[in-house]
Protein chains: 2
Amino acid sequence: MRVDNKHSALITFGENLRNFRKEIGLSQEELALQADLDRAYVGGLERGERNPTIMSLLRIAKPLEVTVSELLEGVK
Amino acid sequence: MRVDNKHSALITFGENLRNFRKEIGLSQEELALQADLDRAYVGGLERGERNPTIMSLLRIAKPLEVTVSELLEGVK
DNA sequence: GTGTGACTCCAAGTCCGTC
DNA sequence: GGACGGACTTGGAGTCACA
């Protein structure tokens, strides 16, 4: 299920994710492939519609070459 | 269900959490109350047996007066 | 290349308890 | 105060088709 009531924390995380992804010049599709995730799932993360767990954050962080902590900078 | 195969990322997070909690001088029970979480759940987090979501991290971070990013420092 | 709704499956998170 | 377990409900993980 998607997060209907989008929380600002998830929006902020999604923006961070999108920024990091673009910096490295990947498409959602390419990132999804490298993170071994579905591209629709990655898209949902960027739009703040998902509330991922630490382990999911870890899978996303690795191909972006950032830490989980960096992905969550400014999240409150 | 509890996480049987404890991942090092979750162990690291659990240690961070325990350190922050003790610094502020709260019991697991008191923290759970302030975070509006179950006391058994907070214990499980500290032991690295749980894989929390961003929103759960946020609830824990608030009473500890730290950021989610700080809670996940060193997690990889 | 991305957004979105709908779906299944199983883990996140709750609530009770004992030691 | 903290570790741990059983049983339960909710919601995240993961996937697909189609726009």
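Reading guide: rules and limits
- Residues numbered from 1 in each chain as written.
- Chains lettered and ligands numbered in written order.
- Predicted model: local features only at pLDDT ≥ 70, side-chain atom pairs only at ≥ 80, totals over all residues.
- Heavy atoms only, no water.
- Salt bridge = Lys/Arg side-chain N within 4 Å of Asp/Glu carboxyl O.
- Helix = DSSP H or I, 4+ residues; strand = E, 2+ residues; numbered from the N terminus.
- Buried < 20%, exposed > 50% of the residue type's maximum accessible area, 1.4 Å probe, protein only.
- UniProt positions renumbered as here; feature names shortened; annotations may be inferred.
- Least-squares fit on C-alpha atoms with pLDDT ≥ 70 in both.
- Contact = heavy atoms within 4.5 Å.
- Axes fitted to C-alpha atoms, helices over the stretch in contact; angles between N-to-C directions.
- Parallel < 35°, antiparallel > 145°, perpendicular 65-115°, else oblique.
- Left-handed = near helix turned anticlockwise from the far one by under 90°.
- Nonpolar A, V, L, I, M, F, W, Y, C, P; charged D, E, K, R; others polar.
- Near = heavy atom within 4 Å.
- Polar contact = N/O pair within 3.5 Å; in protein donor to acceptor, adjacent residues only side chain to side chain.

Now for the pattern of salt bridges. As enumerated under the stated definition, the model contains eight salt bridges over all chains in all. One salt bridge in this structure joins A:R18 and A:E46, with 2.6 Å as the shortest N-O distance. With a gap of 28 residues between them, A:R18 in helix α1 (residues 8-23) and A:E46 in helix α3 (residues 39-46) connect regions that are remote in the sequence. For A:R18, a relative accessible area of 31% translates into the label partly exposed. Residue classification places A:E46 among the buried residues on the basis of a relative accessible area of 5%. A salt bridge links B:E46 to B:R21, with the shortest nitrogen-to-oxygen separation between them at 2.5 Å. Here B:R21 lies in helix α1 (residues 8-23) and B:E46 lies in helix α3 (residues 39-46), a separation of 25 residues in the sequence. B:R21 shares its class with B:E46; the two are buried. A single salt-bridge network, built from bridges that share partners, covers A:R18, A:R21 and A:E46.

With that settled, consider the UniProt feature "domain: HTH cro/C1-type" (unreviewed entry) in chain A. UniProt's entry tags residues 17-71 of chain A with the feature "domain: HTH cro/C1-type" (unreviewed entry), counted in the numbering of this structure. Taken as a whole, residues 17-71 of chain A contains 69% helix and 0% strand, while its terminal C-alpha atoms sit 6 Å from one another.

Each of the two chain copies goes to the other by way of a rotation about an axis and a shift along it. Mapping chain B onto chain A leaves a residual RMSD of 0.2 Å; the transformation is a rotation of 179° accompanied by 0.1 Å of translation along its axis. Between the two chains, the operation in question is that of a two-fold axis. Looking at the interface residues of chain B, 100% of them are also at the interface in chain A, so both copies use one shared face.

All names here are of chain B. For the pair helix α2 (residues 28-35) and helix α4 (residues 54-64), interaxial distance at closest approach is 8 Å and the crossing angle is 110°. The angle between the axes of α2 and α4 places the two elements in the roughly perpendicular class. Crossing of α2 against α4: the hand is right-handed. Facing L31, Q34 and A35 of α2, the residues of α4 in contact are R59, I60, P63 and L64. Residue composition of the contact of α2 with α4, by class: five nonpolar, one polar and one charged.

Turning our eyes to something else, we now look at the protein's contact with DNA strand D. By nearness alone, 23 residues border DNA strand D, and A:Y41, A:T53, A:R59, B:R18 and B:Q28 come closest of all. Here the atoms of DNA strand D within 4 Å of the protein split so that 62% fall in sugar or phosphate, with bases taking the remainder. Here a phosphate oxygen of DNA strand D and a side-chain polar atom of A:N51 are 3.2 Å apart. Taking B:R18, its side chain carries an N or O atom lying 2.9 Å from a phosphate oxygen of DNA strand D. Here the element with the most residues in the surface near DNA strand D is α3(A); it accounts for three residues. Of the residues contributing to the surface near DNA strand D, the split by class is six nonpolar, six polar and 11 charged.

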